[in-house]
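Here's the letter readout for the chains.
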Amino acid sequence: MPAPTTSDNDARLTRILKRVRRIELLTRGMVKEMLGGQYHSRFKGQGIEFDDFREYQPGDDVRFIDWNVTARMNDPFVRKYVEERELSVMLCVDVSGSGDYGSQDDSKRERAAEIAAVFAFSAVQNQDKVGLTLFSSEVEQYLPARKGAPHALRVLRDILNNEPKQHGTDLKPALDLALNRIAHRALVILVSDFITTDSSWEKSLRAVAAKHDVVAAQIMDPREIELPNAGRVCLEDPETGEQILVNTSHPAVREQFAARVAERQMALEHLLRRCGVERIAIRTDQDYVPALKAYFRTRKRRRRG
């Protein structure tokens, strides 16, 4: 597949921005209300930081009494906290070779950019910061979190325009960067097809999930889930270049392919569950709005329960 030109990337960017704006209109503010409001509500009760001490007043919660200061001052003092209203959103987007594949109108990279755009503009509407980490088998680019629509637009452009030095997939470097670079609790969105035989990144994911709120948005192409009955075809691994001739007209071949995909998918879902990370399934041949709405409705019900 030839590398996209600057004009191609500009056209992709324009198309994606039109979709994001159309989605906002069609869903009556879904981006702002569902994503924006709900990702903020997850941090309720956790987004506070120490501000100062003050003398105890009748009615104060006795749990906030600081006994060390009280002993020194011979009068009861309580710890005063302020709410951290600002939230950072870190988008960790997979730009490995497999992301350039697409049997539909969009490649997986384009759909990943669109999902990232929804979260990025949600952050903008809520006056939050958004940052970006692009990764393959290494960190390809890191953009610290900042506010504003121009920065969100740069995030989207960088996802589409980045030409990775490596073609393989390894989530560990990106997760380690998120763990070390993001000081305060944040919302970390992992956008990837998660097609990798290496599970050594589980320990890093577990550590990031213990510190931050992590969501895995898995981008899938239908041809990677089910082989069509198309006779003999040459399949190529976009990350290794390995090619194999497959007779897709044989039912046993298609069944074996589907079984391996299901096995890999089950292993991924178990890994995410062990780490306390929830998954949003995004397909390139389907509208992703229902998947996002269902995810946030589920989160909202769990919080109320």
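For the structure, check the block above.
The sections below set out a description of the structure shown in this document. (Residues numbered from 1 in each chain as written. Predicted model: local features only at pLDDT ≥ 70, side-chain atom pairs only at ≥ 80, totals over all residues. Heavy atoms only, no water.)

### Quick look at the overall build of the protein
Inference 1: Counting its regular elements, the protein contains nine helices and 10 strands.
Inference 2: Here the protein, with 305 residues, has 43% of them falling under the buried criterion.
Inference 3: Contacts in the protein between residues at least 24 apart in sequence constitute 74% of all its contacts with a sequence separation of at least 6. (Helix = DSSP H or I, 4+ residues; strand = E, 2+ residues; numbered from the N terminus. Buried < 20%, exposed > 50% of the residue type's maximum accessible area, 1.4 Å probe, protein only. Contact = heavy atoms within 4.5 Å.)

### Digging into the nonpolar core
Inference 1: Judged by nonpolar contacts, the single largest core of 39 residues is most densely connected at Leu91, Val93, Leu132, Ile159 and Ile189.
Inference 2: Per-element tally for this core: the top contributor is helix H4 (residues 108-125), with 11 residues.
Inference 3: Filtering out sequence-adjacent residues up to four positions away, Ile159 remains in contact with Val93, Val95, Arg109, Ala113, Ala116, Leu132 and Leu134.
Inference 4: Leu171, Ala186, Leu272 and Cys275 belong to the second largest nonpolar core, which has 23 residues in total. (Core = buried A, V, L, I, M, F, W, Y, C linked by side-chain atoms within 4.5 Å.)

### Quick look at the pattern of salt bridges
Close approach of charged atoms allows side chains with opposite charge to pair.
Inference 1: If you walk through the whole model with that rule in mind, you get 11 salt bridges.
Inference 2: Two residues, Arg109 and Asp100, come together in a salt bridge whose shortest N-O distance is 3.9 Å.
Inference 3: With a relative accessible area of 33%, Asp100 lands in the partly exposed category.
Inference 4: Salt-bridge contacts for Glu224 lead to Lys108; the nearest nitrogen and oxygen are separated by 2.8 Å. Here the residue Glu224 occupies a position in the loop between strand E7 (213-220) and strand E8 (232-236), and Lys108 occupies one in helix H4, the gap between them amounting to 116 residues. Taken as a pair, Glu224 and Lys108 share a single burial class, namely buried. (Salt bridge = Lys/Arg side-chain N within 4 Å of Asp/Glu carboxyl O.)

### Focus on the packing of H4 against helix H5 (residues 149-161)
Inference 1: The contact between H4 and H5 brings their axes to 9 Å, and the two run at 170°. Comparing the axis directions of H4 and H5 gives the class roughly antiparallel. The way H4 lies across H5 gives a crossing that is right-handed. Residues Arg109, Glu110, Ala113, Ala116, Ala117, Ala120, Phe121 and Val124 of H4 touch H5, and the partners they reach there are Ala149, Ala152, Leu156, Ile159 and Leu160.
Inference 2: Looking at the contact of H4 with H5 residue by residue, the classes come out as 11 nonpolar, no polar and two charged. (Axes fitted to C-alpha atoms, helices over the stretch in contact; angles between N-to-C directions. Parallel < 35°, antiparallel > 145°, perpendicular 65-115°, else oblique. Left-handed = near helix turned anticlockwise from the far one by under 90°. Nonpolar A, V, L, I, M, F, W, Y, C, P; charged D, E, K, R; others polar.)

### A look at the environment of Val93
Inference 1: Residue placement: Val93 occurs in strand E3 (residues 88-94).
Inference 2: Look at Val93 and you get buried, because its relative accessible area is 0%.
Inference 3: Remark: the alpha-carbon pair of Val93 and Leu190, spanning 97 residues in sequence, is separated by 6.1 Å.
Inference 4: With near-sequence residues (within four places) excluded, Val93 lies in contact with Ala112, Ala116, Leu132, Thr133, Leu134, Phe135, Ile159 and Val191.

### Remarks on the side chain of Lys108
Inference 1: Take Lys108: its relative accessible area is 3%, and that puts it in the buried class.
Inference 2: Of the polar contacts made by the side chain of Lys108, one reaches the backbone oxygen of Ser98; its length is 3.2 Å.
Inference 3: Within the structure, Lys108 has its side chain in polar contact with the side chain of Glu224 (distance 2.8 Å).
Inference 4: Excluding residues within four positions of it along the chain, Lys108 makes contact with Ser98, Gly99, Tyr101, Asp193, Ile195, Ile219, Asp221, Glu224 and Thr284. (Polar contact = N/O pair within 3.5 Å; in protein donor to acceptor, adjacent residues only side chain to side chain.)

### Looking at the packing of aromatic side chains
Inference 1: Under the definition given, this model contains one aromatic pair.
Inference 2: Measuring from centroid to centroid gives 6.2 Å for Phe194 and Trp201, while their planes differ by 40°, and the two rings are tilted. There is no split in this pair, since Phe194 and Trp201 are both buried. (Phe/Tyr/Trp six-rings, centres within 6.5 Å; stacked < 30°, edge-to-face > 60°.)

### Observations regarding unusual backbone geometry
Inference 1: A positive phi is found at Asn74, a non-glycine position, where the angle reads about 60°.
Inference 2: Of the residues examined, Asn74 reaches a relative accessible area of 68% and is grouped as exposed.
Inference 3: Here the phi dihedral of Phe194 falls at roughly 55°; this positive angle occurs in a residue that is not glycine.
Inference 4: Inspection of the secondary structure puts Phe194 in the loop between strand E6 (187-192) and helix H7 (202-211).

### Things to note about the packing of H7 against helix H8 (residues 251-274)
Inference 1: As a packed pair, H7 and H8 sit with axes 9 Å apart at the nearest point and diverge in direction by 40°. Between H7 and H8, the angle is such that the two are oblique. Between H7, through Glu202, Leu205 and Arg206, and H8, the contact on the second element is made entirely by Leu271, Leu272 and Arg274.
Inference 2: In the contact of H7 with H8, the residues fall into three nonpolar, no polar and three charged.

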